[in-house]
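Chain by chain, the residues run as shown.
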Amino acid sequence: MRHVVRNEVEEHSSGLPKPIIVETDVPALDGYVLGGTLFESVGGSDPACAVVITGGGGIPATRYRHFATFLAAAGIPVLTFDYRGIARSRRGSLRGFQARAEDWSELDCGGAVAWMRTRYPRADLAGVAHSIGALMIGGAPNVSEFSRFVFIAAHTGYYGDYAKRHRLPMAVLWHGIMPVLTRIFGYFPARLLRLGENIPAGMALQWAARRTPELRPEATDPDGVRGRSMLARFGQIRIPALAVSFADDAFATVEGTRRLLDVYPGLSVTQLVLDPAAVGMESIGHFGFFRRTAEAMIWPTVVDYLRGATSAPPTGMPLA
């Protein structure tokens, strides 16, 4: 098992000691080795809460490093990881590598949960999910280990929920260009289009087949057994969740986040929409929450929630 300490202890911008950041191997439930990073606070051997972050599709885990560092500096250790085929979890060429959403959810998320539970057996385990990572996290077979969720800019990837000006170009991209390029290259060449990490063919073709509001596993799998098993797990989850959306997010719109939450009927949800101006930011969009500019204005709210607070912050606008 690989463990590489990437930096020594320094002072964090908040004045707290900067966490120790360790690159490590995280075994998925089928044994596939994922590239993970553990963010630990100094002396934090028995924390009350620990976090697993699940990212969006094709987004490398490094995108979440600033937020993970902030949480760890506050005494909450964090594990980030790349799904198989993405960034540090890619093993050679993606051509012919058929990872699907079920693999990312059941095997990869499940492995990350198991790894973190083993390391922190007495901590309350929380899941922080970004974008379609909010779908991936709920399908893990050990999802019952979580005591609460935080969803950031969560949606289901349905183009009809995007802001109006983006619906047509995104429909053309996801349902026209994506499947064609995937069949030509053997994977979706997202880097070529400056859309993040290249995506394995199985996942890309599932994404391209998502043309209806409903999640339909049979669209790309004739029997759909694994997909239906994942969806069934969503309905069994009975924990609190904080869902944070942003008024200027073209993808995780109010409608998109509501559709995502409909998949989790048993959650006790505090749903917030934040306007950038209300929190002193010019823009937030789909990725701005994880930039350092959000540290002072938004991140402390999530820390409070992870520590057990359940009330909405004054900057939040609860949805009806």
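Above: the structure in question.
All values reported here derive from a predicted model rather than from experimental measurement.

Asks: How should the pattern of salt bridges be read in this particular structure?
Replies: Pairing is possible between side chains of opposite charge, provided their charged atoms come close. Scanning the model with the defined rule gives 11 salt bridges in all. For Asp46, the salt bridge identified is with Arg122, shortest N-O distance 3.5 Å. Here Arg122 lies in the loop between α2 (101-119) and β6 (124-130) and Asp46 lies in the loop between β3 (33-40) and β4 (49-54), a separation of 76 residues in the sequence. Of the residues examined, Arg122 reaches a relative accessible area of 63% and is grouped as exposed. Between Glu145 and Arg117 there is a salt bridge, with the nearest N and O atoms lying 2.9 Å from each other.

Asks: What exactly am I supposed to notice about the packing of aromatic side chains here?
Replies: What characterises a pair of aromatic rings is the spacing of the ring centres plus the angle enclosed by the ring planes. Using the criterion set out here, one finds 20 aromatic pairs in the structure. A ring pair is formed by Trp174 and Trp207, whose centres lie 4.7 Å apart and whose planes are at 40°; its orientation type is tilted. You can see Trp174 sitting in helix α4 (residues 164-185) and its partner Trp207 sitting in helix α5 (residues 201-208), a full 33 residues away along the chain. Ring centres of Phe289 and Phe290 lie 4.9 Å apart, and the angle between their planes is 80°; on these two criteria the pair is classed as edge-to-face.

Asks: Can you walk me through unusual backbone geometry in this structure?
Replies: If a residue is not glycine, its phi is most likely negative; likewise, a peptide bond is most likely trans. At Ser131, a residue that is not glycine, the phi angle is positive and equals roughly 60°. Residue position: Ser131 is located in the loop between β6 and α3 (133-136). Even without being a glycine, Arg194 presents a positive backbone phi close to 60°. Checked against the element boundaries, Arg194 lands in the loop between β8 (187-188) and β9 (199-200). Taking relative accessible area as the criterion, Arg194 reaches 80% and is therefore assigned exposed.

Asks: Looking at this structure, I do not really get the nonpolar core. What am I missing?
Replies: Nonpolar side chains in soluble globular proteins generally cluster together in the buried interior. Grouped together as the largest cluster of nonpolar side chains are 58 residues, with contacts concentrated most on Met116, Phe146, Phe149, Phe151 and Tyr264. Per-element tally for this core: the top contributor is α2, with eight residues. Other than its neighbours up to four places away in sequence, Met116 contacts Leu38, Ala50, Val51, Val52, Pro77, Val78, Leu79 and Leu125. Judged by nonpolar contacts, the second largest core, of 38 residues, contains Phe39, Ile76, Leu274 and Val302.

Asks: I tried to follow the pairing of strand β5 (residues 78-81) on my own but got confused; where do I start?
Replies: Each regular strand displays side chains that alternate between the two surfaces of the sheet. Side chains Val78 and Thr80 project from β5 onto one buried face, and the interleaved Leu79 and Phe81 project onto a second face that is buried too. As defined by bridge partners, β3 adjoins β5 across four bridges and the pair is classed as antiparallel. Paired with Thr37 across the strands is Thr80, a residue of β5. As paired strands, β4 and β5 are joined by three bridges and run parallel to one another. Of the residues in β5, the one forming a bridge with Val52 is Leu79. Between the parallel pair β4 and β5, the chain is carried across by helix α1 (residues 65-73), and the sense of this crossover is right-handed.

Asks: Got a minute to help me understand the packing of α4 against α5 in this structure?
Replies: Put simply, α4 and α5 touch, their axes get as near as 9 Å, and they point 155° apart. Overall, the two elements α4 and α5 adopt an arrangement that is roughly antiparallel. As α4 runs across α5, the sense of the crossing is left-handed. Where α4 approaches α5, its residues Trp174, His175, Met178, Pro179, Thr182 and Arg183 are matched on the opposing element by Ala201, Ala204, Leu205, Trp207 and Ala208. Of the residues contributing to the contact of α4 with α5, the split by class is eight nonpolar, two polar and one charged.

Parameters at a glance
Along each chain, numbering runs from 1 in the same order as the chain's sequence is written. Local features in this predicted model are restricted to residues whose pLDDT is 70 or higher, and side-chain atom pairs enter the listing and the counts only when it is 80 or higher, whereas totals over whole chains, interfaces and linings include all residues. Heavy atoms throughout the structure, all of them, feed into the side-chain values; hydrogens and water do not. The rule for a salt bridge is simple: a side-chain nitrogen of Lys or Arg has to be within 4 Å of a carboxyl oxygen of Asp or Glu. Going along the chain from the N terminus, every DSSP run of H or I of four or more residues is numbered as a helix, and every run of E of two or more is numbered as a strand. Here the term buried applies to any residue with accessible area under 20% of the maximum for its type, exposed to any over 50%, and partly exposed to those in between, with areas from a 1.4 Å probe on protein chains only. Paired rings are identified among Phe, Tyr and Trp, the last through its six-membered ring, by centres lying within 6.5 Å, and are further divided according to the angle between planes into stacked (under 30 degrees), edge-to-face (over 60) and tilted (the rest). Nonpolar cores are built from buried Ala, Val, Leu, Ile, Met, Phe, Trp, Tyr and Cys residues. Side-chain atoms within 4.5 Å join them into one set. Throughout, a residue-residue contact means that at least one pair of heavy atoms, one from each residue, lies within 4.5 Å. Pairing between two strands is assigned when DSSP locates at least 2 bridges connecting them. The handedness rule is simple: strands pointing away from the viewer, and a clockwise path from the first strand over the helix to the second, make the crossover right-handed. To get an axis, a line is fitted to the C-alpha atoms, and for a helix only the part in contact is used. The angle between two axes follows their N-to-C directions and goes from 0 to 180 degrees. Orientation labels follow simple angle bins: below 35 degrees gives roughly parallel, above 145 gives roughly antiparallel, 65 to 115 gives roughly perpendicular, and whatever is left gives oblique. Here is the rule for handedness: rotate from the far helix to the near one, and if that takes an anticlockwise turn smaller than a right angle the crossing is left-handed, while a clockwise turn gives right-handed. The residue classification treats Ala, Val, Leu, Ile, Met, Phe, Trp, Tyr, Cys and Pro as nonpolar and Asp, Glu, Lys and Arg as charged. All others, Gly included, are polar.

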